[in-house]
Structures are given as structure tokens and as C-alpha cells.
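Fold and geometry: a report
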Amino acid sequence: LQHVANLCLQKAHYAAKEIASLPGYEIPFDARFFKEFVVRTSLPVSEINRYLLTKNIIGGLNLERFYPDLGNCMLLCVTEKRTAKEIRRLVEVLKECTKK
């Protein structure tokens, strides 16, 4: 169980770091997290999620309905089941999304 938890933690932090390095994306909170984290985007989350679905990727939870003052924010979750290749693909598709 400890090993699985460590994988979740490491993969989620890797994904957050990579996403935050992209233009148009940021991690708005500096609080500690385990496997779920918030990403602020320059585009509406609904638009990003639609684009992700065209690439067979399930996007994040649109937080606008719950926290309208946050702006374009989504909650992403990365668990031990995601591979480094899948995380890199998510990052690449998010990058494509802001370039289109």
C-alpha cells in the first residue's frame, strides 16, 4: 500500500510540474497534494476537455460550477495506474490544445 501511495504521489507531482511548464497553464495553489491537483488554464476548461476527448483522454473536473471566482480551473487526478508515457501524452495534447 505504501508503494502504491508513493507511485501516486510521484506521478501526480511529475504531471503537475510538466503541465505547469506549458504556456497557458499554471498550478494556482502551492499547497501540498497527493494525487489530485488544480490547474488554471488560459482557455475554458470545457473547450480543453472537448479537445482531450477527441484524443481519447478524459479531462479534469471543471471547477467553475463550484468555484466561479477561480476562473478557468480544473481538477486533475493522476494515480499509480498512469504510465510516464500516458502523462507525457497528456502534456503534449494540452500543449496542442492551446496552440490550435
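For the structure itself, look to the data block above.
Since the structure is predicted, the reported quantities are computational estimates derived from the model, not experimental observations.

**Structural notes on the overall build of the protein**
- Helix and strand counts for the protein stand at three helices and four strands.
- Each helix and strand of the protein, ordered N terminal to C terminal, gives the series α-β-β-α-β-β-α.
- Taking 2.2 N^0.38 as the reference for a compact globule, 100 residues should give roughly 13 Å; the C-alpha atoms of the protein span a radius of gyration of 13 Å, in line with that estimate.
- Along the longest, intermediate and shortest principal axes, the C-alpha atoms of the protein span 35 × 30 × 20 Å.

**What to know about helix α3 (residues 84-99)**
- For α3, built from 16 residues, the straight-helix expectation of 22 Å at 1.5 Å per residue is met to within 8% by its first-to-last C-alpha distance of 23 Å.
- For α3, every residue scored as buried is listed here: Ile87, Leu90, Val91, Val93, Leu94 and Cys97. End-on, the buried residues of α3 take up no more than an arc of 165 degrees, which puts them together on one face. Away from its buried face, by an angle of more than 90 degrees, α3 presents the exposed residues Lys85 and Lys99.
- Contacts made by the buried residues of α3 are with α1 (2-20), β1 (25-26) and α2 (45-54).

**Some remarks on the packing of aromatic side chains**
- This structure, assessed with the given rule, holds one aromatic pair.
- Ring centres 5.3 Å apart and planes at 40 degrees place the aromatic pair Phe33 and Phe37 in the tilted group.

**Here we look at the nonpolar core**
- Within the largest apolar cluster, 24 residues are counted, with the highest numbers of intra-cluster contacts made by Ile19, Tyr25, Phe37, Val39, Ile48, Leu52 and Leu94.
- Listing elements by their share of this core, those giving two or more residues are α1, β2 (36-41), α2, β4 (73-77) and α3.
- Top element by residues in this core is α3. It accounts for six residues.

**Thoughts on the side chain of Thr41**
- With respect to the element layout, Thr41 can be found in strand β2.
- Among the polar contacts made by the side chain of Thr41, one reaches the main-chain carbonyl oxygen of Leu43 at a distance of 2.4 Å.

The rules behind the values
Residues numbered from 1 in each chain as written. Predicted model: local features only at pLDDT ≥ 70, side-chain atom pairs only at ≥ 80, totals over all residues. Heavy atoms only, no water. Helix = DSSP H or I, 4+ residues; strand = E, 2+ residues; numbered from the N terminus. Rg over C-alpha atoms; globule rule 2.2 N^0.38 Å. Expected span 1.5 Å × (residues − 1). Buried < 20%, exposed > 50% of the residue type's maximum accessible area, 1.4 Å probe, protein only. Arc of directions from axis to C-beta. Contact = heavy atoms within 4.5 Å. Phe/Tyr/Trp six-rings, centres within 6.5 Å; stacked < 30°, edge-to-face > 60°. Core = buried A, V, L, I, M, F, W, Y, C linked by side-chain atoms within 4.5 Å. Polar contact = N/O pair within 3.5 Å; in protein donor to acceptor, adjacent residues only side chain to side chain.

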